Every structure is written in C-alpha cells, then in structure tokens.
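Okay, here's what each chain looks like letter by letter:
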Amino acid sequence: MLGRVSTFLQRCGVPTFHRCRTHDSLFNVHPSVSEALAENKPVVALESTIITHGMPYPQNLSTAEEVEAIVRAHGATPATVGVLQGRLHVGLTQEQLHFLSHDNASLKVSRRDLPYAISKGLSGGTTVSGTMIAAHRAGIPVFVTGGIGGVHRDGENSMDVSADLTELGRTPIAVVSAGVKSILDIGRTLEFLETQGVCVTTFGKSKDFPAFFSPHSGFSSPYNVTDAKEAAELIAGMLSLGLQSGLLLAVPIPEEHSASGQLIQEAVCTAVAEASEKGIRGRDVTPFILQRVSELTRGESLKASILLLISENEIRNV
Ligand SMILES: O=c1[nH]cc([C@@H]2O[C@H](COP(=O)(O)O)[C@@H](O)[C@H]2O)c(=O)[nH]1
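Residues numbered from 1 in each chain as written. Predicted model: local features only at pLDDT ≥ 70, side-chain atom pairs only at ≥ 80, totals over all residues. Heavy atoms only, no water.

- The chain goes by Pseudouridine-5'-phosphate glycosidase in an unreviewed UniProt entry, where it is assigned to Aldrovandia affinis.

Quick look at the structure:
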C-alpha cells in the first residue's frame, strides 16, 4: 500500500523540499519578501486567521493593512501568510488581503488543514501553526501575532490543545505575541510549552506572563529580556544551536491600553460558559468566543486587540 502511495506521489511530481524552498506550484513567496531575504534584510511574518476568523470586516482589513504599514515604516518587510486557491503564499498583495478579508468561505488553516486546503484548491487564513510552517520554509525566523492558541479551559478532559503549542515545539521560529487570552487555561498552556521545549520569555522588566488584554496573568515566564538587543540575542541563540523547537516572546499590552481589562475579563467568562452550553467545540471555540466577547463589550475588546497588535509591532521593530 505504501509503495503505491509513493508511486502516486512521484507521478504527482511532488517536489523535494530543496527545490520548492521559495517557489513552486504550491508555495509562493512574494517578490518583495524573497528580495529582502536574499539581501539579508529583516522580514516579519504575519498570520491571517485574525483576518478570516478573528475580526469582522472592515476592521480585519484595516488592521492587517495598518500592521503591514508599521512593519514597513520600521524598515522591515511584512510577509502576511495565507492560502489562496490551494497555494500557500508568504507575502500577500493588496488584492489577496482584500479577498481574504471578505471571503466567508475561507478555512481556518492550521498544520492539519494544509494538505486538504492545498489538494482542494481552497483559500484560508493561516493560524499560528500554519504560519510558522510557511515562515520556516521561506527562511523567515520572526513572526508577530496577537494571541496564540493554547490549552482550552477543561482541556484536561476535552484534550482541546491548540496545534500552535505543538508547532512551537517542532518549528524553530520566534513567535512574538501578547501572550495567551484568558479564554484559555494559561497555567496548563505554560506547562505544555515547557514539555514541548519552548523557551517562553517576557519582553520587559518583569517575568509576568501577559494575558493578551492584561499585562498580568498571575503566571510567570521562566525568563525576561528587557530590550530588542537582548531579544535578538535570544533568537540568535535558538537559531545558532539548530534547535528544532521555537521560542515564544510575550509582549505585555501597555498599561494605558489595558484599562478595559476587567470588563473584557467578565465578558470572557460569560462567553466561555455560552460556548460550553451550546456545545461548540474544536476549531470553532476561539472564533465564537472572540465574536461574543466583542459583542458583550460593545467592541471594546476589538479596539483593545487592534491597539495591542499595533503596539506589539512597534516594539518588535524597535
Ligand atoms: O486571541 C486570539 N487567539 C487565537 C487566534 C487564532 O486562533 C488560532 C488558534 O486556534 P485553535 O485554538 O483552534 O488552535 C491562533 O493560531 C490564531 O490564529 C485569534 O485570532 N485570536
């Protein structure tokens, strides 16, 4: 059986990893990104589930454009990752960003969804795990996102653990994020990351691990770095050792933007209870909760998310 599968794969002309590193029929790197990489200039990978499933239109599009503009303003090249008609793209055109922000049929593409999306010619927004795979293949070591997935509350029973965490354990990318939303079980998420060998580090003077809308989660990172140089040295350490695991650099929301934290926290509790009552499971849980929290806070959570993504990119580009 396996022999037949191999024969079919050969007939399909499956390219070797080396041949398809930057460009082939399934994998496309935007010229601005490949040029920057060839000249050893900084490139920042960005995810697109936040566009397809994380925010409503038109805020999803304007935020994606604003984040790209900030990356450019600091002299780096943005590489938003997404799947379009069965091709994995690293670096999207205006039209492609526009398409993903409107397309209601877009998949949420994590590692497990990539083969299906590609083989069926579908489009979708890549999650943290999907984006890490594409960024690594293109040779981009740094990726900035809002919140990563984690162990869901009651995860010890449901086994609902985001593939983002296992991806961090197997792909050497530095993921810069505002931490883990309190819709998740933050303590178990940190334990799982430790098991996966992920170097979790808070950016700033304290080791407080941030909870996306709040700089404090009640948990600590094992380490902290206080400036961009120290952060870069940490990433260089990971890369130079050839570790196959990644790194999570947690950037806390600035105190002035976290004022609405309590309000959002209450909405999170309500939304988590509603999701459980309605029997919402798996990949639908996070988008449901994000949408409900936005409704319950009358858009406050959405505003905080946008401010946060923007401030994170400002820091990343110091
Ligand atoms: O606060 C957020 N957390 C997570 C996501 C998205 O959800 C994905 C995780 O989904 P899941 O829990 O199904 O693995 C992340 O990689 C990210 O793309 C998001 O938009 N906003």
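### Digging into the packing of helix α9 (residues 163-170) against helix α10 (residues 186-195)
Working step 1: Two numbers describe how α9 lies on α10: the axes approach to 9 Å, and their chain directions differ by 25°. Overall, the two elements α9 and α10 adopt an arrangement that is roughly parallel. Pair α9 / α10 crosses with right-handed handedness. Mapping the contact onto sequence places Leu165, Thr166 and Leu168 in α9 and Thr189, Phe192 and Leu193 in α10.
Working step 2: Residues of the contact of α9 with α10, tallied by class, amount to four nonpolar, two polar and no charged. (Axes fitted to C-alpha atoms, helices over the stretch in contact; angles between N-to-C directions. Helix = DSSP H or I, 4+ residues; strand = E, 2+ residues; numbered from the N terminus. Parallel < 35°, antiparallel > 145°, perpendicular 65-115°, else oblique. Left-handed = near helix turned anticlockwise from the far one by under 90°. Contact = heavy atoms within 4.5 Å. Nonpolar A, V, L, I, M, F, W, Y, C, P; charged D, E, K, R; others polar.)

### Side note on the packing of aromatic side chains
Working step 1: For the structure shown, the criterion picks out one aromatic pair.
Working step 2: Between Phe212 and Phe213 the ring centres are 4.9 Å apart and the planes differ by 85°, which places this aromatic pair in the edge-to-face class.
Working step 3: Judged by relative accessible area, which is 4%, Phe212 ranks as buried.
Working step 4: Phe213 gets classed as buried once you look at its relative accessible area, which sits at 8%.
Working step 5: Note that Arg137 overlies the ring of Phe27, its terminal NZ or CZ placed 4.7 Å from the centroid. (Phe/Tyr/Trp six-rings, centres within 6.5 Å; stacked < 30°, edge-to-face > 60°. Buried < 20%, exposed > 50% of the residue type's maximum accessible area, 1.4 Å probe, protein only. Lys NZ or Arg CZ within 6 Å of the ring centre and 35° of its normal.)

### What about the site of the ligand?
Working step 1: Inspection of the region around the ligand gives 14 residues, with Glu47, Val128, Ser162, Asp164 and Lys181 positioned closest.
Working step 2: Between Lys108 and the ligand, the recorded distance is 2.9 Å, taken from a side-chain N or O atom to an oxygen atom.
Working step 3: Gly147 has a polar backbone atom sitting 3.4 Å from a nitrogen atom of the ligand.
Working step 4: For the ligand, whose accessible area on its own is 470 Å², the fraction buried by protein is 92%. (Near = heavy atom within 4 Å. Polar contact = N/O pair within 3.5 Å; in protein donor to acceptor, adjacent residues only side chain to side chain. Areas by Shrake-Rupley, 256 points an atom, 1.4 Å probe, with all protein chains shown as cover.)

### Some details on the nonpolar core
Working step 1: Of all hydrophobic cores here, the largest spans 53 residues; its most connected members are Val90, Ile140, Val175 and Ile289.
Working step 2: Ranked by the residues each element gives to this core, the list is headed by helix α12 (residues 261-277), at six residues.
Working step 3: Ile289 has contacts with Ile183, Ala271, Val272 and Ala275, leaving out every residue within four places of it along the chain.
Working step 4: Of all hydrophobic cores here, the second largest spans 21 residues; its members include Met55, Val67, Val144 and Ile306. (Core = buried A, V, L, I, M, F, W, Y, C linked by side-chain atoms within 4.5 Å.)

### Some words on the pattern of salt bridges
Working step 1: Summed over the entire model, instances satisfying the criterion amount to ten salt bridges.
Working step 2: Among the ionic pairs, Lys41 bridges to Glu39, the shortest N-O distance being 2.8 Å.
Working step 3: The class of Lys41 is partly exposed, set by a relative accessible area of 46%.
Working step 4: Taken together, the shared-partner salt bridges connect Arg112, Asp113 and Arg283 into one network. (Salt bridge = Lys/Arg side-chain N within 4 Å of Asp/Glu carboxyl O.)

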